[in-house]
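Coordinate inspection notes
If you want the building blocks of each chain, they are given just below.
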Amino acid sequence: MGDIQERLSVSSSSSSSTCSLSSTTAQPKADSLPIDGEFWMFAEERAHEILSTIQPAIVSDRSRNEIIDYVHTLIKSHDGIEVFSFGSVPLKTYLPDGDIDLTVLTKRNMEDEFFEKLYDTLKSEEGKSEFHITDVQFIPAQVKVIKCNIRSIAVDISFNQTAGLRALCFLEQVDQLFGRDHLFKRSIILTKAWCYYESRILGANTGLISTYALAVLVLYIINLFHSSLSGPLAVLYKFLDYYSSFDWSNYCISVGGPVPISCLPELIAASPENGHELLLDEKFLRDCVELYSAPTKTVETNGLDFPIRHLNIVDPLKHSNNLGKSVTKGNFKRIMHAFTLGARKLRDVLSLPGETMGWRLEKFFGNSLERNGKGQRQDVNDPVTAFGTGRSELSELSGDFEGYFGRLVYGQMYHSHREASGWDVVRHLVSYRKNEFYLRSLNGSTSVQSLPLHSLTNGSQNMGKTRGTGTYIPDMSLYNRKSPTHHLESSAEAADDNGASSCCNFSNQVSTSCASIKGEESVKQETCTDQNVLKSLRSENLEVDDNCQSSPPENGKELVDSISSSSKLDMENGKEEESKSSQTLNGS
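Procedures and definitions
- Residues numbered from 1 in each chain as written.
- Predicted model: local features only at pLDDT ≥ 70, side-chain atom pairs only at ≥ 80, totals over all residues.
- Heavy atoms only, no water.
- Helix = DSSP H or I, 4+ residues; strand = E, 2+ residues; numbered from the N terminus.
- Buried < 20%, exposed > 50% of the residue type's maximum accessible area, 1.4 Å probe, protein only.
- Expected span 1.5 Å × (residues − 1).
- Arc of directions from axis to C-beta.
- Contact = heavy atoms within 4.5 Å.
- Axes fitted to C-alpha atoms, helices over the stretch in contact; angles between N-to-C directions.
- Left-handed = near helix turned anticlockwise from the far one by under 90°.
- pLDDT = per-residue confidence, 0-100.
- Pairing = 2+ DSSP bridges.
- Salt bridge = Lys/Arg side-chain N within 4 Å of Asp/Glu carboxyl O.
- Phe/Tyr/Trp six-rings, centres within 6.5 Å; stacked < 30°, edge-to-face > 60°.
- Lys NZ or Arg CZ within 6 Å of the ring centre and 35° of its normal.
- Parallel < 35°, antiparallel > 145°, perpendicular 65-115°, else oblique.

This next bit is on the overall build of the chain. If you tally the helices and strands in the chain, you get 17 helices and 11 strands. Out of the 588 residues in the chain, the part that is buried amounts to 56%.

Now for helix α11 (residues 329-350). The terminal C-alpha atoms of α11, which comprises 22 residues, lie 32 Å apart, in line with the 32 Å expected from a rise of 1.5 Å per residue. For α11, the complete set of buried residues consists of N331, F332, I335, M336, A338, F339, G342, A343, L346, V349 and L350. Buried residues in α11, looked at end-on, bunch into an arc of 160 degrees, giving them a common side. Along α11, exposed side chains directed more than 90 degrees from the buried face belong to K329, K333 and H337. Where α11 is buried, its residues touch α2 (37-54), α7 (183-198), α9 (232-244) and α12 (354-364).

For the pair α2 and α12, interaxial distance at closest approach is 10 Å and the crossing angle is 35 degrees. The two elements α2 and α12 cross, and the hand of that crossing is right-handed. Across the interface between the two elements, F39, F42, A43, R46, A47 and I50 of α2 pack against G354, E355, M357, G358, W359, L361 and E362 of α12.

In this section: the confidence of the model for the chain. Residues of the chain with pLDDT of at least 70 account for 62%, and the chain-wide mean is 74. Within the chain, no element has a lower average pLDDT than strand β1 (residues 9-10), which sits at 37, and none a higher one than α7, at 98. For residues 470-572, every residue scores under 50 in pLDDT, and the model assigns this stretch 226 contacts once sequence neighbours within four places are set aside. The low-confidence segment residues 580-588 (pLDDT under 50) makes 0 contacts with residues lying over four places distant or belonging to another chain.

Our focus in this paragraph is the sheet that holds strand β2 (residues 82-86). With mixed pairing, 5 strands are arranged side by side in an open sheet as β2-β3-β6-β5-β4. The sheet is open, and its two borders are formed by β2 and β4 (133-139), each paired with just one other strand. Within this sheet the neighbouring strands show an average axis-to-axis angle of 20 degrees, counted without direction. Of the strands in this sheet, β2, β3 (100-105), β4, β5 (145-150) and β6 (153-159) touch helix α3 (residues 58-76), which is tilted by about 25 degrees from β3.

Let us now look at the pattern of salt bridges. Counted under the stated rule, the structure contains 18 salt bridges. Across the pair E66 and R151 runs a salt bridge whose closest N-O atoms are separated by 2.7 Å. Placement of the pair is E66 in helix α3 and R151 in the loop between β5 and β6, with a sequence separation of 85 residues. Taking relative accessible area as the criterion, E66 reaches 34% and is therefore assigned partly exposed. You can call R151 buried: its relative accessible area is 16%. Here D287 makes a salt bridge to K283, at a shortest N to O gap of 2.8 Å. You can see D287 and its partner K283 sitting in helix α10 (residues 282-291), 4 residues apart, about one turn around the helix. Salt bridges here are not isolated pairs; linked through shared partners, they connect R46, E49, E355 and E362.

Moving on: the packing of aromatic side chains. According to the stated counting rule, one finds 20 aromatic pairs in the structure shown. Measuring from ring centre to ring centre gives 4.2 Å for Y70 and F131, while their planes differ by 15 degrees; the resulting arrangement is stacked. Pair noted here: Y70 is in helix α3 and F131 is in the loop between α5 (111-125) and β4, with a separation of 61 residues, a long-range link. Grouping residues by exposure puts Y70 and F131 together as buried. Between F225 and Y242 the ring centres are 6.1 Å apart and the planes differ by 75 degrees, which places this aromatic pair in the edge-to-face class. With a gap of 17 residues between them, F225 in helix α8 (residues 211-225) and Y242 in helix α9 connect regions that are remote in the sequence. As far as burial versus exposure is concerned, F225 and Y242 are alike and both buried. Members of the aromatic cluster, connected to one another through ring pairs, are Y220, F225, F239, Y242, Y243, F246, W248, Y251 and F339. One Lys or Arg, R200, reaches over the ring of Y196 and ends 5.4 Å from the middle of that ring. Residue placement shows K238 over the ring face of F225; its charged tip is 4.7 Å from the ring centre.

Among the secondary structure elements, L233 is positioned in helix α9. Residues L233 and A43, spaced 190 residues apart in sequence, show a C-alpha to C-alpha distance of 7.6 Å. If near-sequence neighbours (up to four positions away) are discounted, L233 is found in contact with W40, A43, E44, A47, L190, L346, L350 and L361.

Across its 18 residues, α2 extends 25 Å between first and last C-alpha, which sits within 8% of the 26 Å expected from 1.5 Å per residue. What α2 keeps buried is the set W40, A43, E44, R46, A47, I50, L51, S52, T53 and I54.

In terms of burial, β5 is a largely internal element, 6 of the 6 residues being buried. For β5 and β6, the ladder comprises 6 bridges, and the chain directions are antiparallel. Opposite C148, over in β6, you have V155 as the bridge partner. Adjacent in sequence and paired antiparallel, β5 and β6 are bridged by 2 residues, among which R151 carries a positive phi angle near 55 degrees.

Orientation of α9 relative to α11, taken along the N-to-C sense of each, is 135 degrees, at an axis distance of 8 Å. With respect to α11, the element α9 is oriented oblique. Crossing of α9 against α11: the hand is left-handed. Counting all contacts with α9, which are made through L233, L236, Y237, F239, L240, D241, Y243 and S244, the residues of α11 involved are M336, F339, T340, G342, A343, L346, R347 and L350.

When you tally the buried positions in β3, you get 6 out of 6 residues, the bulk of the element. In β3, alternate side chains face the same way, and those of I100, L102 and V104 on one face and D101, T103 and L105 on the other are all buried. Of the strand pairs in this sheet, β3 and β6 are connected by 5 bridges, and their pairing is parallel. Pairing of I100 across the sheet is with V155, part of β6.

See the structure below:
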């Protein structure tokens, strides 16, 4: 598998004389505020009140899910069509003004025809549906998109795009790894709110920062400073302070650290200084590239040039992709000015005592609270809890990694079923298991759910209209209904002799109770290993050697059933172990 892995080599020195690393110049000195932990906690508590006003709420989740269901119903009327949402909605990092991203899986030769049909269908719904569809547009860009507004929320519909699903899986997994009550997601939301409402520097469609690029920038801050961060406000301060003084003219930023532009296309990141140790190391990032890449296609290597722009950000899943390519020269200067000014203002706020700090922090997020803190959200028709009342809307930021990963595998294999075999499913499973155990070794408190193998086969009137926050592919957006657990049920029909795409229907099971949404944590003990999979395959008389070499099984369903049986057995064994462990503890 080594030949399909992209490698991000992390070292403190370069192998080329023209590529030299200096950690002193590569990484700016992060300013340390002279305030004690008590004041930081007070500041974080006030930031949490602000965050509770703008973060996703259960009521807004439900509203957005109704829109997704409506569009899904319109599209699913065509046989052989699957619709997946991706972006900040399933990741639970959207703002009240954020858009909804959907991608439609259809046969390659049907794209243009279906584009026209879907466009006509949406246009015919204008003025008729209770969902109030307006502004239906077809954008014939490099990635063709149909845009519309539904209930005053921007909806973007693309075709056959799986990059957003990859990013969704990766970011959800990282959030589970970081833990700390979704520190990563909460930091993205708070930073995104400042960038969008306070400084107006968010939106790739207007030559500014894309939401995925912003998430990667936040990810590196937590990856580098994870041991010293008290909460999302501390992340925002480090974000502004670090990137406002970063040497963008000579370095690009990656999850592994600053990379000298002179080293490209080879990606060699500078080692952290001042005793900092990265939480996500080279092995984890390499495993993610392999796990989320298409099973039948080789991953692009470092031979491809990284396009140099004004703001250079390396995509952690595709190293030749510059996530900052949307930023123009003029907007780059605007962004840097906003970072510098924001860092200085926030530093002044955090240097104030007690209650003075509190109301100045509210002023720092003045536009965000003015827009969303008066008891009305753009994405909810009914009134919501206003800021300053001491109460907030219920919220659940947990995502459904299993469901996202299942959709990703299905999406990747949708157009390559003739070349792909059932063994590709096993390869993804084994990679997932290795990656899962690596996660647990890094953070023993992180609960990672086991992969459901069956899924692998298979507004307010006075508010102006908005085009969203400029979500840019790749981004994300899938939704878990009223329950944080989103179940997949799939049935696959074999492809015919002409290679027609199989039809896979996903039905969503809705939990009508929200009582179990909050405060539930569990750490499952699992005993599934790569050998379990191999034993289950041998039990079905499949020829498999210890090096995982085999011929594609004739009956793909038998393969999946055998793996599913192994998974169920492992889960039962895990439950027995949990029961025994519980009895032992009770006896003590």
